Amino acid sequence: MTGPILQFEAVDRAFPLAGDRRRHVLRGVDFSLDRGTSLAMVGRSGSGKSTLLHLAAGIDQPTAGTVLLDGVRLNDLPDTERSLLRRDRVGLVFQFFHLLPHLSMLENVCLPGWVAGDSATATRARARELLDRVDLADRADDLAGKLSGGEMQRVALCRALLRRPPLLLADEPTGNLDEKAGRQVMDLLLRLSSDEGAGLLYVTHSREQAALADRVLRLRDGRLESAQS
Amino acid sequence: MNPRLLRAALAHWRQARTLTLLTVFGVALGVASVVCIQTLNQGALAAFGGGMKAVSGDADLTVLGHGPDLDENLYPTVLAHPDVTAAWPLVRAWGRLAGHEDAYIEIVGVDVFAPVRFPVRLGDAGHATGDVTRFADLLHVPGWVALTPAYAEELGLAAGDTFTVAVADRLVTLEVGALVDFQRAAPLASRKLALMDISQAQHLFGHRGRVQQFDVQVRPGVAPEAVAAGLQERLGPGAQVLTPAQREQNAAGLLAAFRLNLTALSLISVLVGVFLIFSAVHASLVRRRREFGLLRSLGASRRQVLGLILLETAVLGLAGTALGLPLGYAAALLNMETVSATLTSIYLLSEIEQMHLPPLLVAVAVVVGLGGALLGALLPALDIARRDPVVLLGAAGLPERLSRLAPRLALVGVGVAAAVMVWYLGGGRAYKVSGFVLAFFLMVVLPLWTPLLLRETVGRIPPGGFGWRLGLRGLASRLQSTSFAVAALAVTVSMLVGITLLIGSFRATLDTWIGQTLVADIYVTGASWQRDLGQTWLADDTVDLLVEFDGVAAADLQRRLETRTDQGRRVRVVAFERRGDAQRRKISRVPLLAGDAETVERRLLAESVALISEPLARQAGLDVGDTLRLRGPHGTTPLAVVGIGYDYASENGVVFVSRATLEGMFGPGGVAAVALTMAPGRDPGAVMDALRVALDGRAVELRSNQRLRAEVMDIFDQTFAVTRILQAMALVIAVCGVSLTLLIMGRERATELALYRCIGATRGQLFRLGLSEGAGLGVLGLALGLAGGAVLAMILILLINRDWFGWTIRFALPTADLVWQGVWILGGAVAAAVYPALRASRTPATELTREDLL
Amino acid sequence: MRRWTVALVLFGLSGAAGASGWAVADSNHVWEFPRDHHAHPGFRSEWWYVTGQITAAGAAAPTHGFQVTIFRLGLTPDDPAWNSDWSVRELVLGHAAITDLRDGRHLFSEVLTRPGPGRGGFPAPGDSVLAWCRAPAGTDGTWSFRLRGDDGFAVTARDRGQGLLVDLVLEPERPRIFQGPNGYSAKDPASGAGSLYYSYTRLRATGLVAAGADTVRATGRAWLDREIFTSQLADRHRGWDWLSLQLADGRDLMVFVLRDQDQRADVARATLVDADGAERWLDLPRDALQPRRWWTSPVTGARYPIGWNLRVPAAGIDLELEALVDDQENVGSRSGVTYWEGAVQVVGGGGSGYVEMTGYGPEGRPPLR
């Protein structure tokens, strides 16, 4: 319960190219995130934002440096352990929502609970509760394919929060939404994550949205700079 | 067509190796099925043709008798015809090699002084071995035969060695006088041909005054058919004059039903293969949609894209054909013995010893492979070609249309089914092929109903957890892929189940029937009984010994031969005579379909009437009271039909008459088989042992009741052995379809799977999900297939069988067989899912690209 | 399997020369007629041979030469005990030839068959048929030699496909003669080669003939030979020349010359029958028959003499003979037997007859000997 929920220490991530060349996507990234705080990451496309998120979620491994998730060193952890860790500690929100269209909203939200093998009733109750907080409870049994972008992202948010993860990661959460929906989703994201006491790390293009966070960091050519203004 | 585009295709194929391989494999298996079956079909006829050529050489006509032989005194009449330039007699018989299990030899007795065109050149050192000057020995050295070098080697015999052959109940010693390579001149001839002088052949294997045929050479420039007609007139109704083409046609006619059924089965395999191709091509095209979108936006027309896709498919189709041809041929070779055994034991034709791939069949295979591939690819190709470039390039996935179309398709299916039923009831059932038409449309309608069924069944399952229910629900999310896999599996399973039910019912019916008809305790036949066409029989003293043996209460003597009805239909005539204590005799009656048992029995013994078997009655349209006319040496004899009995032993029909009646038609002749009933309290086993001692030195076979029943069932099982191969093939295709579908789904759902990984699912969980999807496909295919199979079984048993054979088959459920097949199919589906599930489980979470799941 | 087989069979069998089991011709035969007109199964071979020249109705000179022969070729002395009518211990070989002396057309037909019902045979004494075989394929009926009346014969042979017909009644104008003491004609005393040989040297022939075209009534003169033997050609002999002449002065002459492997005459004998029917057997000098003119067969390549000088000093005979038609060669495609048998005449009108020559072909010795 103490300590930062996420820590990057001199993290490097390089991808091998043809021959002996490598592409360094991240170099010497150093930062930490505490529970209950929010951190926005800005940068141009190709600057390594998605990679950083992948590393944070344990989906990818750094080539150098250490990533600590809730004090646990992710580097040499086998895939299964990382999956379990991710299950309990991380919630993900994506730019493209990634809901299963053939399932209902409720079922989509329940997904992490199913993966983890939680009690079906408890899962469903929590899912309903979350949907209620985003004002979608009355359409919980509609198929997810029939929603608008904003509605879908709200459902995705519920899904991410289902198991009360201490770390919330969002990759361009409003990238596919219009202005109004985007503001609504950002608002919900910040509020709910704060309510749940989770640490929030999100990647964005928009300066206005970055400004809503407690801290802002800039990624340029794989290096982290703190950006003011 | 730009060669660079083709190179791009090659690159794609290398990338999507599994898809490409499976497409090729699908074509290969479809082609292999067709090639296998048609090679066997051809082989069967070619063996007959080759045998004909080997024995008759280039004879223009052959004179045969009605029944097992012909009066040799017709020879001068044949020679007297003005357009006949030569004619020669042949005596032919089958002998069973003593000491070799199930090895036969065909004896051909020739007149070496006739202008025989037999492809024998005994003076040519290249063909013959052995002292040529001793050739004259063939006239007076007892048992002199000429064997082929191949067979002699197989039997371990050299020139000068003796060996023993059983003919009916006699043991005959033969001496290898010379080795002559008949096969050089007629490559398809059996290596089991042996040449003898006609006098010895008649003495040892035949009957004085009777030969099997005269081969005739006609004056050049004169049409053989005209001469045949003239000869027929001179010879009268006791003989028939046939050209080689007519003889081959007769053999083909015999096998017509057998071959048709095999062909139908192979076509179903092709159908399943086409399904597979449809599915694979569709998936492949969807994957490459951006590539096509790019092409279109660069200016390629719809037609060009269509052409490119079809060309690619054509290449794959050719590759599949190239693979399928040798596969099919190899499969045919593997099955050659089985089919051969069927030909000899059931149809009494020559066995197949070698086969070759006729060029026409290669052409057919190419058409099937290429055509099937193109047919399968046509719809998906049109679909892709018709879409706008924007859609193709778009981020969103291609809209899943099948879900919406499902009800409409089902409706079409209902419509088709209704239309077919209307046609059938309205008059279609008069056609002999109507059963096949129904079966075909059943196979068409099943896939049309599949999408809706899938959508409404698994599509409504509440997932409830990350397990098999989620997996099943997932199947409904990609109907375009899963429907086809399920449909293909369902069609195959239908075929499997249908045929299993047919075979099972048939077998059960046969078993019951055997129980009713084979009631004697001991059955005695000559050693060469199985190949005999009625020309050899047990010696009189053998028969007397059997009838009067201690412990025997009654005996049924059976004489049989083959002839034709006046309509040209080939029938087996079985004549019986009862000896012994009528009271003690166990009543063995042919179970009757029509006619009163007592009356029938009484009339058969007293009058010149006949009891006919059900297939004959149905095929010839005969009922009790009608007249059956049979051809014999003295013309046609009318026989009143007094009863119709069930008989499953022959598809051509059997005519039962009394021995006296048969003698009236064909003259005197001996019995081929004797069935003995024991006196009460006597042990059949002990009597059999005593008989063996008493019959020592005679080549008889004694079979107990059980053994005979077992043999009959063995022959039955053998007949259907070939269908098992086809079923296995089709099943492999369908299971490949499952694998393919899951691979495609894995690829298409990469994002979805990555999502699960992001949520924290382990690889093991994804693997199990994939397996459950495979099992789900299996179960669905199985269920649908069971339903379809039941309907197909009914069509087979009630319609096709009735139209082509005429047996009454009682429906029976071979539960054990079906259960085992279900287990295999399910197991196969799960096994097919392993690799795709493994691949799916390895989907990295980073696969969440800039595509959406929608 | 054509001529080779037959030749092989015959070759193979006669290779066992001198034959085990066959009777050998000698001068101790007890003759009885008509019994001896029928077949003698104890001997290996025999034939019924008729040749002659006849004149069609309305013609002044002979229009046709004809030859009909039925051979009995024994294969094995014992009856194979097969229960079959095809069981064979001998073969029936029929040869029929007719030459149209006006246009030189020579037709030849051959039938080779096993004896048996409908096929051919040699009926036992008591039957009027002596030897018969079925007509060739494409023709109805049979070929036969038959007894007719007390002392006459009838011969029939027909081949519809070629238009060949010989259907004649033969009435002896002279009594039967033996061609050697007690009918034994020795060919080579050293090897025992010889035959039982009798002839009817002059018969009146009447009946029907056809040589391709129409059938005509004809009459003329014929010579009938009967020979019975097991082996009559010694190993050193390659073939023979045989002739029969009916001379204008009423005498009949039979001459045979055996040639060695170099085609040189080795043995020459003759039988002379004078006008009242008495026969004399003569040994001739080797050069009694001198070939003068030759003809090569385009079919077989054999070179036959077709003109001769014949000298029989003991009978005061010195004449020239000429074949009336060059090509009178018989080529047996089924049997492999090839020989020249043709009508000849004495130059200057002193008589006419028939000449037979064997062993001139490239195969060497005839299979039948």
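Sequence order sets the numbering: in each chain, residues are counted from 1 along the sequence as written. Here every chain gets a letter starting at A, and every ligand a number starting at 1, in the order they are written. Restriction of local features to residues with pLDDT of at least 70 applies here, the model being predicted, together with a cutoff of 80 or more for giving and counting side-chain atom pairs; totals for whole chains, interfaces and linings are based on all residues.

*Asks:* Hey, could you run me through the overall build of chain B in this one?
*Replies:* Counting from the N terminus, the helices are the DSSP runs of H or I reaching at least four residues and the strands are the DSSP runs of E reaching at least two. Looking only at helices and strands, chain B features 27 helices and 22 strands. Put plainly, a residue is buried at 20 or more neighbouring C-beta atoms within 10 Å of its own, exposed at 12 or fewer, and partly exposed in between, counting only other residues' C-beta atoms, which are placed from the backbone. For chain B, buried positions account for 52% of its 854 residues. Contacts in chain B between residues far apart in sequence, at least 24 positions, make up 85% of those at least 6 positions apart. Any residue pair is listed as a contact if its two C-beta atoms, each placed from the backbone, are within 7 Å.

*Asks:* Looking at this structure, how should I read the overall build of chain A?
*Replies:* Scanning chain A from terminus to terminus reveals seven helices and 10 strands. Relative to a compact globule of 229 residues, whose C-alpha radius of gyration would be 17 Å, chain A shows 17 Å and is just as compact. For chain A, the spread of C-alpha atoms along the three principal axes comes to 55 × 40 × 40 Å. Residues classed as buried in chain A amount to 51% of the 229 residues present. Here the contacts in chain A between residues at least 6 apart in sequence split such that 71% fall between residues at least 24 apart. A radius of gyration in this sense is built from C-alpha atoms; the matching globule rule multiplies 2.2 Å by the number of residues raised to 0.38.

*Asks:* Got a minute to help me understand the interface of chain B and chain A in this structure?
*Replies:* One frequent convention defines the size of an interface as the accessible area lost when the parts assemble. Facing 27 residues of chain B, the contacting portion of chain A comprises 28 residues. Secondary-structure elements contributing two or more residues to the side of chain B that touches chain A are helix 16 (468-477), helix 25 (750-759) and helix 26 (763-804) of chain B. Ranked by the residues each element gives to the side of chain B that touches chain A, the list is headed by helix 25 of chain B, at seven residues. Under the grouping applied here, Gly and all other residues not named as nonpolar or charged are polar, the nonpolar ones being Ala, Val, Leu, Ile, Met, Phe, Trp, Tyr, Cys and Pro and the charged ones Asp, Glu, Lys and Arg. Residue composition of the side of chain B that touches chain A, by class: 13 nonpolar, eight polar and six charged.

*Asks:* Honestly, the sheet that holds strand 4 (residues 64-69) of chain A in this entry has me stumped. Any pointers?
*Replies:* In a beta sheet, neighbouring strands are held together by backbone hydrogen bonds and run either parallel or antiparallel to one another. Residues and elements named next belong to chain A. Strand pairing is defined by DSSP finding a minimum of two bridges between the two strands. Strand order across the open sheet formed by four strands is 2-1-4-5, with antiparallel pairing between neighbours. Of all strands in the sheet, those bounded by a partner on one side alone are strand 2 (22-33) and strand 5 (72-73). Of the pairings in the sheet, the one linking strand 4 to strand 5 comprises two bridges and is antiparallel in character. Residue pairing for strand 5: Leu69 is matched across the bridge by Val72.

*Asks:* Explanation requested: helix 16 of chain B in the structure shown.
*Replies:* Think of an α-helix as turning once every 3.6 residues; residues three or four places apart then point the same way. Here helix 16 of chain B lies mainly inside the structure; eight of its 10 residues are buried. Of the residues making up helix 16 of chain B, those classed as buried are B:Leu470, B:Gly471, B:Leu472, B:Arg473, B:Gly474, B:Leu475, B:Ala476 and B:Ser477. Buried residues belonging to helix 16 of chain B abut helix 3 (105-116) of chain A together with helix 15 (434-457), helix 17 (479-517) and helix 26 of chain B.

*Asks:* Can you walk me through helix 5 (residues 149-161) of chain A in this structure?
*Replies:* Spanning 13 residues, helix 5 of chain A covers 19 Å between terminal C-alpha atoms, matching the ideal 18 Å at 1.5 Å per step. The buried fraction of helix 5 of chain A amounts to 12 of the 13 residues, a majority that puts the element mostly inside the structure. Given the number of residues in a helix, its expected span is that number minus one, multiplied by 1.5 Å.

*Asks:* Sorry if this is basic, but what is going on with the environment of C:Met357 here?
*Replies:* Residue and element names in this part refer to chain C. The residue Met357 is located in strand 23 (residues 351-358) in this model. Counting along the chain gives 163 residues from Met357 to Gly194, while the straight-line C-alpha distance between them is 18 Å. When sequence neighbours within four positions are dropped, the list of residues in contact with Met357 reads Asp241, Tyr304, Tyr339 and Trp340.

*Asks:* So what exactly am I meant to see when it comes to the sheet that holds strand 6 (residues 90-93) of chain A here?
*Replies:* Residues and elements named next belong to chain A. Strand order in the open sheet made by the six strands is 6-7-8-3-9-10, with mixed pairing throughout. Both edges of this open sheet fall to strand 6 and strand 10 (223-226), since each of them pairs with a single strand only. Adjacent strand axes in the sheet meet at a mean angle of 20 degrees, parallel and antiparallel pairs treated alike. Here four bridges tie strand 9 (residues 215-220) to strand 10, and the two strands are oriented antiparallel to one another. Counted as the bridge partner of Arg218 is Glu225 from strand 10. Lines fitted to C-alpha atoms define the axes here, with helix axes fitted over just the stretch in contact, and angles between the N-to-C directions of these axes take values from 0 to 180 degrees.

*Asks:* How should the packing of helix 14 (residues 402-426) of chain B against helix 17 of chain B be read in this particular structure?
*Replies:* For any two helices packed against each other, one specifies the inter-axial angle together with the distance between the axes. All names here are of chain B. Two elements in contact, helix 14 and helix 17, have axes separated by 10 Å at closest approach and are oriented at 45 degrees. Judged by the angle between their axes, helix 14 and helix 17 are oblique. For the pair helix 14 and helix 17, contact is made by Leu402, Ser403 and Ala406 and by Leu479, Gln480 and Ser483, respectively. Looking at the contact of helix 14 with helix 17 residue by residue, the classes come out as three nonpolar, three polar and no charged. Each angle receives one of four descriptions, namely roughly parallel if under 35 degrees, roughly antiparallel if over 145, roughly perpendicular if within 65 to 115, and oblique otherwise.

*Asks:* I'm lost on the nonpolar core in this one. Help?
*Replies:* In summary, soluble globular proteins display a tendency toward joint burial of nonpolar side chains. In this usage, the nonpolar core is the set of buried Ala, Val, Leu, Ile, Met, Phe, Trp, Tyr and Cys residues whose C-beta atoms join them within 7 Å. In this structure, A:Val109, B:Ala610, B:Val655 and C:Val255 are the most contacted members of the largest nonpolar core, which totals 426 residues. Sort the elements by how many residues they give to this core and helix 2 (residues 17-56) of chain B lands first, with 21 residues. Ignoring any residue separated from it by four or fewer positions in sequence, one finds B:Val655 in contact with B:Val571, B:Val573, B:Ala610, B:Ile612, B:Leu616, B:Leu628 and B:Leu630.

*Asks:* Just checking my understanding: could you explain the confidence of the model for chain B for this structure?
*Replies:* Where the model shows low pLDDT, its predicted coordinates should not be examined in detail. All names here are of chain B. Scored by pLDDT, chain B has a mean of 81; 90% of the residues are at 70 or more. Model confidence for chain B, summarised as mean pLDDT per element, is weakest for strand 5 (residues 128-129) at 40 and strongest for helix 8 (residues 224-235) at 93. Contacts of residues 121-133 to residues separated by more than four positions or lying in other chains number 26 contacts, the stretch itself having pLDDT below 50. Of the regions scoring below 50 in pLDDT, residues 850-854 engages in 20 contacts with residues more than four places distant in sequence or in other chains. Among the prediction metrics, the complex's ipTM stands at 0.90, with pTM recorded as 0.73. On a range of 0 to 100, pLDDT expresses the predictor's confidence in each residue.

*Asks:* I'm lost on the pairing of strand 9 (residues 164-172) of chain C in this one. Help?
*Replies:* The side chains of a regular strand alternate, residue by residue, between the two faces of the sheet. Residue and element names in this part refer to chain C. Across seven bridges, the pairing between strand 8 (residues 152-159) and strand 9 is antiparallel. If you follow Val155 over to strand 9, its bridge partner there is Leu168. Two successive antiparallel strands, strand 8 and strand 9, enclose a turn made up of four residues, where Gly163 displays a positive phi of approximately 75 degrees. Two strands pair when backbone bridges link them, and strand 9 and strand 12 (residues 193-211) are joined in this way by nine bridges, in the antiparallel orientation. Following the sheet pairing, Val169 is matched in strand 12 by Thr206.

*Asks:* Is there a simple way to think about the arrangement of the chains in this case?
*Replies:* Ranking the two pairs of chains in contact by contact count places chains B and C at the top. A minimum C-alpha distance of 79 Å separates chain A and chain C, which share no contact.

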